[in-house]
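Observations on chain architecture
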Amino acid sequence: MALLEVNDLTVKFYTQEGVVTAVDDLSYRIERGEKFGVVGESGAGKSVTALSLMRLIESPGRIESGEILFKGEDLLEMSEEEIRDVRGNEIAMIFQDAQTALNPVYTVGEQIAEAVRHHLDYDDEEARERTIQLLDTVGIPEAESRYSDYPHEFSGGMQQRAVIAMALSCDPDLLLCDEPTTALDVTIEAQILEELESLADEFDTAIQLITHDLGVVAEVCDRVMVMYAGSPVEKAPVEELYYDPKHPYTVGLMSSIPRVGDRRERLQTIPGTMPDLVELPPGCSFHPRCPYAEDVCTKREPPLLNPETGRDASGTDAERAAACLEYTGELQEGLDYEVEIREGHDTRADATAPNPEGDRR
Amino acid sequence: MSLRRFILKRLLSIVPILFGVSVITFALVHLTPGDPISQMAATNPHMTAADEAQMRARYGLDGPIWEQYLTWMGNVLTGDFGEVVSSGQDVSSVIIARLPETIALGLFGWLFGLLIAIPTGIYAAIKKDQLADTVSRFVALSGISIPNFWLGLMLILIGALWLEIWTVLPPSRLPLYHPQMLFYLILPGITIGTAAAASIMRVMRTSMAEELNKEYVTAARAKGLPERQVVLKHVLRNSLISVVTLAATLTASIVAGSVVVEVVFNWPGLGREFIDAINQREINLIMAITLFTGVFIVLANLLADILYAVLDPRIRYE
Amino acid sequence: MVQDHKQSSIDIDRRRLLQGAGGVSIAAVAGCLGGDDGDDDAPIHVQLEVNSDNDDRVQMVDLIATSLEESGYFTTEIDTYEFNDYSQRVMDPEYAENGYVPCIGLSGTFNPESFCQALHHSDNIGQCCNLNGISDDELDQMMDDARYGVDVADDDEERRERYDEIWEYLADERYSSITHFDLQAGVMNTNVHGFRQNPFTESTFSYGLHAPQDEVVTWIDEDAHPDETDISDLEEGGTLRAGLTEDPELFDPPYTTGAPSTLVQVLIFEQLVASDTEGNLYPWLAEDYELVETQDIDRTDYEEYMIEVDADEEGVLDTDEQVVVTHPDDNPAEDDTVRVLTPEEAGEAVEDGVFGMQFQYELHEGIEFTNGEELTAEHVVATARRYENSDLEAQTYDSLLYAEEVDEYTVNLYAQIPDAEAERELPGLYIHSLEQAELEGGELDPSADNDPIGTGPYELSDYSEGQYVEFTKNDGYWLEEIGLENKEWFDGPEEFPDGPVIDELEMEIVPDDSSRAGALQSDEIDMTYGLATDVLDDFEEDDDYVIDSVEAGGYEYIQYPMNVEPWDDDRLRRAVNHLVPRQEIVDNVLNGWARPAWTDLPELAEENGTTDAEALEETIRPTNEYDPEAAAELIEEVIEDHDLE
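For clarity, every value in this text was computed on a predicted model and none was experimentally measured.

Cut-offs used in this document
Residues numbered from 1 in each chain as written. Chains lettered and ligands numbered in written order. Predicted model: local features only at pLDDT ≥ 70, side-chain atom pairs only at ≥ 80, totals over all residues. Heavy atoms only, no water. Domains from an automatic or database assignment. Buried area = accessible area lost by both parts, 1.4 Å probe. Salt bridge = Lys/Arg side-chain N within 4 Å of Asp/Glu carboxyl O. Nonpolar A, V, L, I, M, F, W, Y, C, P; charged D, E, K, R; others polar. Buried < 20%, exposed > 50% of the residue type's maximum accessible area, 1.4 Å probe, protein only. Helix = DSSP H or I, 4+ residues; strand = E, 2+ residues; numbered from the N terminus. Pairing = 2+ DSSP bridges. UniProt positions renumbered as here; feature names shortened; annotations may be inferred. Disulfide = S-S within 2.5 Å. pLDDT = per-residue confidence, 0-100. Contact = heavy atoms within 4.5 Å. Axes fitted to C-alpha atoms, helices over the stretch in contact; angles between N-to-C directions. Parallel < 35°, antiparallel > 145°, perpendicular 65-115°, else oblique. Left-handed = near helix turned anticlockwise from the far one by under 90°. Core = buried A, V, L, I, M, F, W, Y, C linked by side-chain atoms within 4.5 Å. Lys, Arg positive; Asp, Glu negative; His and termini not counted. Polar contact = N/O pair within 3.5 Å; in protein donor to acceptor, adjacent residues only side chain to side chain. Expected span 1.5 Å × (residues − 1). Bend = angle between axes of the 7 residues up to and from the residue.

Points about the domain arrangement of chain C
It is common to give the size of an interface as the accessible area lost on bringing the parts into contact. Residue and element names in this part refer to chain C. As assigned here, chain C comprises domain 1 (5-31 + 39-181 + 552-642) and domain 2 (191-268 + 456-543). The centre of domain 1, based on its C-alpha atoms, is set 35 Å off from the matching centre of domain 2. Both faces combined, the contact of domain 1 with domain 2 buries some 670 Å², and carbon together with sulfur accounts for 67% of it. The tally of links between domain 1 and domain 2 comes to zero salt bridges. In terms of residue class, the side of domain 1 that touches domain 2 is built from six nonpolar, four polar and no charged.

In structure tokens form, the structure reads like this:
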């Protein structure tokens, strides 16, 4: 049994502008101890997915349908009390921006200790000791004296470590990391990721790593799901995704990975922006930005298929899946890109795609 | 240590403020025609201009305004606030007799305001845009719009004349610290506190709603904390910061409100005394009450500043 | 009073400036006729002025303005001012030059003079309350002659006749229009029996509780029917809970100028004489008194006794002594030195037999103050001295010359000149105990541990500033010891009590009218007074309450700017007077709780002010009736003569 199994999850936000389908019919699974990456630009529905797992979607958002099986139990069926027992305890979350995730008016120590007290029934002293130990574990020097520091007295990196300590405080089985390093500079990013990985290994914790950065995914994850406009467009084990991306969007994302030694000021990004989620374009929602888009792409919505077999792969068991009409055979011209593997100190792959500038910029 | 220095500095800054207040008040009172002597003369056909001049000299109300001010200032610095011309009482004894009444009323009104406003503000913020929120916002808007003398009269009408729970007049034989006085503070307290409650509630709601959207709230919820703890521990303290500012500024309007409320509820406070003092141009009394009010408001703001530091550790005073 | 020219002009400029800032015009040009004077249909523009804080008065002026507009001859404008601004404005001697018509209220007394002299005598220009500079030598003389001089001082009937002439003279000249006389109304619940309201607020309790001169006594009986007010139903004891309109604040009579303070003081302090509601005097602390001698002198006859004192620019005299008489030819504001008579020289003059009138009072023996002192002539003399340089010096030493101890129980009071009012004015002193006669002004104060000591029927038992004041019966009240049977003038029933019968008075201080009415309704007090007229109506309709009302001395008037054209024409003033809707004012503004001023003389001053009140009303009333036709006729004449268009 998988640790987490998400089936046909749909989350909608009822805004004044209209109904936003933030997550559309999403299915995936995470095994115990596995590191699962969720990749996509902002607005792709990654964070909403993570919050859904905690049942922290707030009005005007609503989980419309689907099920979230955690250790075989549907989180969506749980009472408010039951889900609170899961939150922070079995599933914990590391937020993107530690500075905003920490309450400025309470000490860092207290914010960690309160979860410990709550879930593990520790008394004040025990909770304090455990917190100091956790702070020490995540690499905060002089943990004991920093316990009673306020968030603003911590540097950005330390704040992030504190947030990690908070998430680890009750030995969760699943760690939801929402862009855990975006707010940090590169050296600290590397340190933190390393820390995270080793801690997860140490505690045998599964990780769902949400990021827009394929490089980070490559470093940490076992399997990856690429999301676009609320839907998965490609799922694959991490190597396969890198060496053999099957979806034009994945290709686009990969060409925006910064490389060591890259002197360009700005990264090459996929032209265009995410579509308005209230009114998705007809057919494939990526077609307005897709360099390979054809007439048929504007008409038919591509299903998730196994790119090798062309069979349905929308279930959670599918190891390899992509949502492109190429794999239904409906694309006339086909996809035309190549993946070039460079020798380097890591396994980063690099894909280049023709950049049809001008007409959509 | 730094907080102590800060308080000291702020207390010292009261001095120029009070000086300014005293100059302006003194000038304003003197720029408006009339003094206690002309009051006597206005209704007394026996009083000739010579009689008036004679009396004015006797009560030290003659001479140029700056000279009068300096005399007054000199006396105040030695702790002598002068006397009320029409009654011959010492101004300081009037203040000592009346100030506790007003403070009790103001404090009660203020507490009432906070006790009503903060919970409803929290509730409204949690139920934002739902019926309860709309209702409470409507009530708050009414609370701000209702003139407090009218509210006071209505409360007397209902509470004393219809329901006969209270009496129209407060039990004047009881000392202010008698427990039963608390009961009689309720109606004037409501009257004086309603407008304050309404504005505090609105600010509470807004700031709470704003705080509720912050990520640390989601983070707290993600820790599995009960919603009560999330709201009352994490959100409340943050939202209180803006309420503290408002509550401090409201001190001034509560002082102002007490003027009307004391008349309607026959409360023997300083506010009622102030109206009489103005009507009768009792300059010494006007000056003293203004100064005390000034001190009071400055102290309230100082308290607010100290509360900031308590509520928000990011704030440190240099 | 003429002032130093330079001084007063500076003063006036400052005032003008401030008046401009303080004044608010509420009803600029009522009606359909826009514009100022010069309108074809309405040749005369009238600016009426009134203090804004008196709603009834503002409404009344509004009614008058409307009535003037309706005549078609006037455009009107009403300016209102806060009371202090207003009183400064209208009591400025220069105000008369503006040509405005001010409205103001005054409180009159038993003295008929208070309904004509204060308004019209040239002495009162620039002070209370000759606002429009009326200076009519003939009228001045008539008014002086009605009060002063041997002719009237000894002869009441002569005095009445002279006043009748004044009322007729005023009806022709019509410098002012008195609109109505106020009513004083005491409102009580049915526990209170026998109470009668006195025309003067300050006597509400002292008179209402016990006034043998009018056989008035109040008692508390919760079980009796409210109609049972016969003396045989009387119950002794109990507590009267009353609502006061203001904090008494003061218990020091010579330093008291307000009725709220006097109201409670008179329960403690008494005078040599007492008055009924018509102004007739009865020996009170005095067993008897008589006018010994009247001499035909005026104030210049004191010249040889006078001393010279320096006067500064503002007219402040350089003396610590009470100025009893100032030489009529000297002016403190203009002259550097002024000849004055102080008590010492007044004593010398009296010794030499120079005085206007001599009254001699025989005191009852055995009258005890609450501190045990026995009342003697010394007390009267010491009291008179305590009034020197007090807040009441102006009204005391405008008639009193000297107080003289004759023997232990005999005292003489001397008047400065022959004065018909002296009999009432001279003994107007609240007799102090010797213990307190030496106190500085304002020191007679419970908060300074000087509880007031008097001879009166009640003692102050508790006072909390701004909250309440309580009295208990004086157990050794002298009148109860002496007995009414020893008062010659008393001819009431034998069972009439010798003193008030209520033991305790609990008076709550409730300035707010509606709170006081509410407290009465919720049975927190038994009686109150001074309520607004619409509230009085509510109580009158309710059987659970009793109202006793009486015509009082308060009145309102508007005054015409006779120094400004065309108001110098008496026909215009009389015409406007015909347009003052007196009945409508009383009915609509005061809800009937007042009486239209068909003559200038209210009931309480009729005793001294006319030979025949009915005949006077018959003569004067037609000139004061609302009569637009008569007004139109007069105005047409004025327009023609003055070439007004």
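Additional details are given in the paragraphs that follow.
As for the pairing of strand 24 (residues 545-559) of chain C
Residue and element names in this part refer to chain C. Of all the 15 residues making up strand 24, 12 are buried; the element is thus mostly covered by neighbouring parts of the structure. Bridge count between strand 5 (residues 176-189) and strand 24: 12 bridges; the pairing is antiparallel. Counterpart to Met188 in the pairing with strand 24 is Val546.

Thoughts on the UniProt feature "domain: Solute-binding protein family" (unreviewed entry) in chain C
The sites that UniProt annotates as "domain: Solute-binding protein family" (unreviewed entry) are residues 356-637 of chain C. Along residues 356-637 of chain C one finds 32% helix and 22% strand; the C-alpha atoms at either end are 48 Å apart.

Things to note about the state of the cysteines
Applying the stated rule across the entire model yields one disulfide over all chains. One disulfide bridge connects Cys128 of chain C with Cys129 of chain C, the sulfur atoms lying 2.2 Å from each other. With the S-S bond torsion at -85°, the cross-link from Cys128 of chain C to Cys129 of chain C turns out left-handed. Unpaired in this structure, Cys221 of chain A has its nearest cysteine sulfur neighbour in Cys177 of chain A, at a distance of 8.9 Å. The exposure class of Cys221 of chain A is buried, given its relative accessible area of 5%. In this structure Cys103 of chain C is not part of a disulfide, and its nearest cysteine sulfur, from Cys129 of chain C, lies 11 Å away. The class for Cys103 of chain C is buried, based on a relative accessible area of 0%.

Notes on the confidence of the model for chain A
Mean pLDDT over chain A stands at 84; residues scoring 70 or higher make up 90%. Below a pLDDT of 50 lies the segment residues 260-267 of chain A, which in the model reaches four contacts outside its immediate sequence neighbourhood of four places, other chains included.

Considerations on the packing of helix 2 (residues 55-70) of chain C against helix 19 (residues 582-589) of chain C
Residues and elements named next belong to chain C. Running from N to C, helix 2 and helix 19 point in directions that differ by 140°, and their axes come no closer than 10 Å. The orientation of helix 2 relative to helix 19 falls into the category oblique. You can see that helix 2 and helix 19 cross each other, and the crossing is right-handed. Within the contact between the two elements, helix 2 uses Asp56, Gln59, Met60, Leu63 and Ile64 and helix 19 uses Glu584, Ile585 and Val589. In terms of residue class, the contact of helix 2 with helix 19 is made up of five nonpolar, one polar and two charged.

Focus: the nonpolar core
Counting 98 residues, the largest nonpolar core has Leu4, Tyr28, Leu174 and Leu175 of chain A as its most contacted members. Looking at which element gives the most residues to this core, the answer is helix 7 (residues 156-168) of chain A, with eight residues.

A word on the side chain of Asp276 of chain C
Residues and elements named next belong to chain C. Inspection of the secondary structure puts Asp276 in the loop between strand 11 (273-275) and strand 12 (281-283). Of the buried charged residues, Asp276 lacks a salt bridge, with Arg424 as the closest side chain of opposite charge at 7.2 Å. A distance of 3.0 Å separates a polar side-chain atom of Asp276 from the backbone nitrogen of Gly279. Within polar-contact distance, the side chain of Asp276 engages the backbone nitrogen of Asn280 at 2.9 Å.

Describing the sheet that holds strand 1 (residues 4-14) of chain A
Residue and element names in this part refer to chain A. Across the sheet, which stays open at both edges, the four strands sit in the order 2-1-4-5 with antiparallel pairing between neighbours. At either margin of the open sheet sits one strand with a lone partner, and together these are strand 2 (19-30) and strand 5 (73-74). Bridging between strand 4 (residues 61-70) and strand 5 involves two bridges; their strand directions are antiparallel. Bridge pairing links Phe70 to Glu73 in strand 5.

Overview of the arrangement of the chains
Among the two pairs of chains that make contact, the interface with the largest number of contacts is formed by chains B and C. At the level of C-alpha atoms, the two units chain A and chain C stay apart, their nearest approach being 48 Å.

Overview of helix 8 (residues 179-212) of chain B
Here helix 8 of chain B spans only 40 Å end to end across 34 residues, well under the 50 Å set by a 1.5 Å rise per residue. Along helix 8 of chain B, the sharpest kink reaches roughly 45°, centred on Gly193 of chain B.

Describing helix 1 (residues 46-53) of chain A
One turn of an α-helix holds 3.6 residues; hence residues three or four places apart share an orientation. All names here are of chain A. Burial of helix 1 is extensive: six of the eight residues sit out of reach of the surface. Within the span of helix 1, buried status applies to Lys46, Val48, Thr49, Ala50, Ser52 and Leu53. One or two positions beyond helix 1, positive phi appears at Arg55, with a value near 55°.

Digging into the pattern of salt bridges
Residues and elements named next belong to chain C. Here the structure, examined in full by the defined rule, presents 69 salt bridges over all chains. A salt bridge links Arg386 to Asp252; the shortest N-O distance between them is 2.5 Å. Of the two residues, Arg386 is situated in helix 11 (residues 377-386) and Asp252 in the loop between strand 10 (239-244) and helix 9 (259-265); the sequence distance between them amounts to 134 residues. The pair Arg386 / Asp252 is uniform in exposure class, with both members buried. In this structure, Glu480 and Lys473 form a salt bridge, with 2.6 Å as the shortest nitrogen-oxygen distance.

Comments concerning the interface of chain A and chain B
Taken together, the contacts link 28 residues of chain A with 20 residues of chain B. For the chain A and chain B pair, buried surface summed over both sides reaches about 2200 Å², with 57% attributable to carbon and sulfur atoms. On the chain A side of the contact with chain B, Val105, Tyr106 and Glu114 of chain A bury the most area, a combined 26% of that side's loss. One can count four salt bridges joining chain A with chain B.

Let's talk about the interface of chain B and chain C
Of the residues lining the interface, 48 residues belong to chain B; the matching set on chain C comes to 54 residues. Counting the surface lost from both chain B and chain C, the interface buries some 4200 Å², and carbon and sulfur atoms represent 49% of this. A salt bridge links Glu506 of chain C to Arg173 of chain B; the nearest nitrogen and oxygen atoms lie 3.7 Å apart. Remark: the boundary between chain B and chain C carries 15 residue pairs in polar contact (both at pLDDT 80 or more). Put simply, the parts of the chain that give the side of chain B that touches chain C at least two residues each are helix 1 (2-31), helix 2 (36-42), helix 3 (49-58), helix 5 (91-126), helix 7 (148-162), helix 10 (227-264) and helix 11 (270-279) of chain B. When residues of the side of chain B that touches chain C are assigned to their parent elements, the largest contribution, eight residues, is made by helix 3 of chain B. For the side of chain B that touches chain C, a count of residues per class yields 23 nonpolar, 16 polar and nine charged.

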